[in-house]
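Residues per chain, in single letters:
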Amino acid sequence: VPPVALPRLPPPRYYFCLGRPLHTEALDPDDEDACRAAYEGVRADLERDIAWLRRMRDEDPYRDFGPRFVFEAASNWTRQAPTFSL
């Protein structure tokens, strides 16, 4: 049997979250305690944002290609499948 090329489906949606900015102007790189506190703050924010994105992804009815395709085809390709509200 010769190899058969199958078309690839578009990937599932990508989810992004831009966290709060980290201001380091007043951070002394020689102050280990301050650097550690800044690191822990960034780490906690990042873990919280990733958990939020995962929850939103799991609740997204248009996450996979099939439901998105049906929604957008039904609107004659004039509307994009909705996403969650921020």
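For the structure itself, consult the block above.
Quick notes on the rules
- Residues numbered from 1 in each chain as written.
- Predicted model: local features only at pLDDT ≥ 70, side-chain atom pairs only at ≥ 80, totals over all residues.
- Heavy atoms only, no water.
- Helix = DSSP H or I, 4+ residues; strand = E, 2+ residues; numbered from the N terminus.
- Rg over C-alpha atoms; globule rule 2.2 N^0.38 Å.
- Buried < 20%, exposed > 50% of the residue type's maximum accessible area, 1.4 Å probe, protein only.
- Contact = heavy atoms within 4.5 Å.
- Areas by Shrake-Rupley, 256 points an atom, 1.4 Å probe, with all protein chains shown as cover.
- Lys, Arg positive; Asp, Glu negative; His and termini not counted.
- Salt bridge = Lys/Arg side-chain N within 4 Å of Asp/Glu carboxyl O.
- Phe/Tyr/Trp six-rings, centres within 6.5 Å; stacked < 30°, edge-to-face > 60°.
- Arc of directions from axis to C-beta.

Describing the overall build of the chain
Right, so step 1: Helix and strand counts for the chain stand at two helices and zero strands.
Right, so step 2: Relative to a compact globule of 86 residues, whose C-alpha radius of gyration would be 12 Å, the chain shows 21 Å and is clearly more extended.
Right, so step 3: Projecting the C-alpha coordinates of the chain onto the three principal axes gives extents of approximately 65 × 40 × 20 Å.
Right, so step 4: Across the 86 residues in the chain, those meeting the buried criterion constitute 16%.
Right, so step 5: A fraction of 55% describes how many contacts in the chain between residues 6 or more apart in sequence connect residues 24 or more apart.
Right, so step 6: As displayed, the chain has an accessible area near 7,700 Å², and 58% of this comes from carbon and sulfur atoms.

Brief notes about the side chain of Glu72
Right, so step 1: By the element assignment, Glu72 lies in helix 2 (residues 65–74).
Right, so step 2: Arg68 provides the closest opposite charge to the buried, salt-bridge-free Glu72, at an N-O distance of 5.0 Å.
Right, so step 3: Residues contacting Glu72, with those up to four places away along its chain left out, are Trp77, Arg79, Gln80 and Ala81.

Comments concerning the packing of aromatic side chains
Right, so step 1: Under the counting rule described, the total for this entry stands at three aromatic pairs.
Right, so step 2: Seen from their ring centres, Phe65 and Phe69 are 5.5 Å apart, and the 40 degrees between their planes marks the pair as tilted. With a gap of four residues between them, Phe65 and Phe69 both fall in helix 2, about one helical turn apart.
Right, so step 3: For Phe69, a relative accessible area of 39% gives the class partly exposed.
Right, so step 4: One aromatic cluster in this structure is built from Phe65, Phe69 and Trp77.

Digging into helix 2
Right, so step 1: For helix 2, every residue scored as buried is listed here: Arg68, Phe71 and Glu72. One side of helix 2 carries all its buried residues, which in axial view fall inside an arc of 90 degrees. The exposed residues of helix 2 that point more than 90 degrees off its buried face are Val70 and Ala74.
Right, so step 2: In the stretch just after helix 2, Asn76 is the one whose phi turns positive, near 60 degrees.

Digging into unusual backbone geometry
Right, so step 1: Phi at Asn76 is positive, roughly 60 degrees, even though this residue is not glycine.
Right, so step 2: For Asn76, the position within the fold is in the segment after helix 2.
Right, so step 3: Of note in this structure, Trp77 is not a glycine but carries a positive phi near 65 degrees.
Right, so step 4: Among the secondary structure elements, Trp77 is positioned in the segment after helix 2.

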